Amino acid sequence: MSDINPRSTDHAEYRQGVRDVCARFGSAYWQEVDSRAGYPEAFVKALTDAGWLAALIPTEYGGGGMSVTEASVILEEINRSGANSGACHAQMYIMGTLLRHGSAEQKRRYLPAIANGELRLQSFAVTEPSAGTDTTKIKTVAERRGDRYVVNGQKIWISRVQHSDLMLLLARTTPIADVKKKSDGLSVFLIDLEGAESRGLRVRPIRNMVNHETNEVFFDDFEVPAANLVGEEGKGFRYILDGMNAERILIAAECIGDGYWFIDRARKYATERIVFDRPIGENQGVQFPIARAYANVRAADLMRYEAARLYDAGEPCGAEANLAKLLAADASWESANVCLQTHGGLGFAAEYDVERKFRETRLYQVAPLSTNLILSHLGEHVLEMPRSF
Ligand SMILES: Cc1cc2nc3c(=O)[nH]c(=O)nc-3n(C[C@H](O)[C@H](O)[C@H](O)COP(=O)(O)OP(=O)(O)OC[C@H]3O[C@@H](n4cnc5c(N)ncnc54)[C@H](O)[C@@H]3O)c2cc1C
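Okay, so let's go over this structure. Predicted model only: the values in this text are computed from it and were never measured. (Residues numbered from 1 in each chain as written. Predicted model: local features only at pLDDT ≥ 70, side-chain atom pairs only at ≥ 80, totals over all residues. Heavy atoms only, no water.)

### Thoughts on the site of the ligand
F124, T127, T133, W157 and S370 are the nearest of the 17 residues found near the ligand. At 2.4 Å, a side-chain N or O of T133 approaches an oxygen atom of the ligand. One of the backbone nitrogen or oxygen atoms of P368 is found 3.3 Å away from an oxygen atom of the ligand. Considered on its own, the ligand offers 970 Å² of accessible surface; in the complex 65% of this is hidden by protein. (Near = heavy atom within 4 Å. Polar contact = N/O pair within 3.5 Å; in protein donor to acceptor, adjacent residues only side chain to side chain. Areas by Shrake-Rupley, 256 points an atom, 1.4 Å probe, with all protein chains shown as cover.)

See the structure below:
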């Protein structure tokens, strides 16, 4: 069967390089990791060693110096191979905050080690149980005392903490009552996780629907050297927002990879499975939903490339980045549903991988950002309708 992605030869060298790494980690590998709720350490190490996770780090710091378009192709290929970028995508883009806002000393110290995989910066602590999506209401505080900050508070859904050396933390440094804008007074810190549990940081894993290492994190008089503040105190919320467009484009590309994977599996099974003496794909009731899901993946893919093109050209791309994430997450979810339905009972069998990928792609409707938040961005900022929150 021919390739259903007409752009699968764009950036051919990168795509092939990623495919070569992923080919070493087939179904059996992912099923084994999933069954023991393990972390795909060998897979992440192989991608790191091949340099793919350092794509966005400038070459002067030992990274790949690639564009967001090129980086998006890497994540697309990972998901299209049947793997899950969620285990490692953050290593690719969290460092963006450090790159854009960190001091020369911080960049010199950390970026080369992140690029070569010596240090993993793939934990990003923003969400809190009481604030949820309303990030400016976070209650974790970092109080300056001499040459350090003392952090107290609680985070939830903080992923990959147990497989990171460094964490990027958002905490309030000025009480919300004392700032003009509620988005002021938040700051970003680089947390060294080495031995952190003996210094007041507690990590409680959360069992969840996907095989995804995510945790509750508690800070109890946890000290952070003032030198680990990233950028200026009080401007952290803006720094986090700065990274959102790139993140949305990259996540959209993962969804596109999933979408093509599901469509591939569905069309193959629909062609091979014989019921009532003919392939089930001969029935339009089976064929048309697959064709429709494919149309939606292709359309979302165009928006992803458009958003990435604008981003790489340094042009405003907020609308397109949000549209790409929305359309791609919807298309991958539709494809997942269609693929599972096409497989009938076997869609539920772990050995077909469909149920695992189904669970994984469902997450994109909620994290890193829930669909309603994207719709509200489009409604308010693009369509200029009244603000809802
Ligand atoms: C597996 C997993 C991994 C994660 N990893 C991380 C991580 O590494 N770091 C991190 O900081 N966070 C992480 N998150 C958190 C994730 O970003 C949040 O779950 C997500 O942003 C939604 O926030 P919430 O769960 O608090 O939902 P809530 O804010 O409680 O919202 C619940 C629902 O209501 C909707 N809603 C809320 N307010 C409105 C409104 N005004 N209008 C319309 N709809 C609304 C939301 O869209 C959502 O569907 C992770 C989550 C999961 C599940």
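Anyway, onward from the coordinates.
### Some remarks on helix α13 (residues 371-382)
Between the first and last C-alpha of α13 there are 16 Å, a value that for twelve residues agrees with the 16 Å anticipated at 1.5 Å per step. For α13, the complete set of buried residues consists of T371, I374, S376, L378, G379 and E380. Considering only its buried residues, α13 is in contact with α11 (318-342). (Helix = DSSP H or I, 4+ residues; strand = E, 2+ residues; numbered from the N terminus. Expected span 1.5 Å × (residues − 1). Buried < 20%, exposed > 50% of the residue type's maximum accessible area, 1.4 Å probe, protein only. Contact = heavy atoms within 4.5 Å.)

### So, the packing of aromatic side chains
Inspection of every chain in the model, using the stated rule, returns nine aromatic pairs. The interplanar angle of 65° and the centroid separation of 4.8 Å between the aromatic rings of Y149 and F189 together place this pair among those described as edge-to-face. Taken as a pair, Y149 in strand β3 (residues 148-159) and F189 in strand β5 (residues 186-192) lie far apart in primary sequence, 40 residues in all. Relative accessible area serves as the criterion here: at 1%, Y149 is assigned to the buried category. Taking the centre distance of 5.9 Å and the plane angle of 70° together, the rings of F219 and F222 count as edge-to-face. There is no split in this pair, since F219 and F222 are both buried. (Phe/Tyr/Trp six-rings, centres within 6.5 Å; stacked < 30°, edge-to-face > 60°.)

### So, the nonpolar core
If you look at the biggest cluster of nonpolar residues, it comprises 86 residues, and the most contacted ones within it are F43, L47, I57, I74, I78, I114 and L190. Top contributing element to this core by residue count: helix α9 (residues 244-272), with 15 residues. The contact partners of I74, leaving out residues within four places of it in the chain, are V18, W52, A55, M66 and M92. Of all hydrophobic cores here, the second largest spans 21 residues; its members include Y149, V161, F189 and I191. (Core = buried A, V, L, I, M, F, W, Y, C linked by side-chain atoms within 4.5 Å.)

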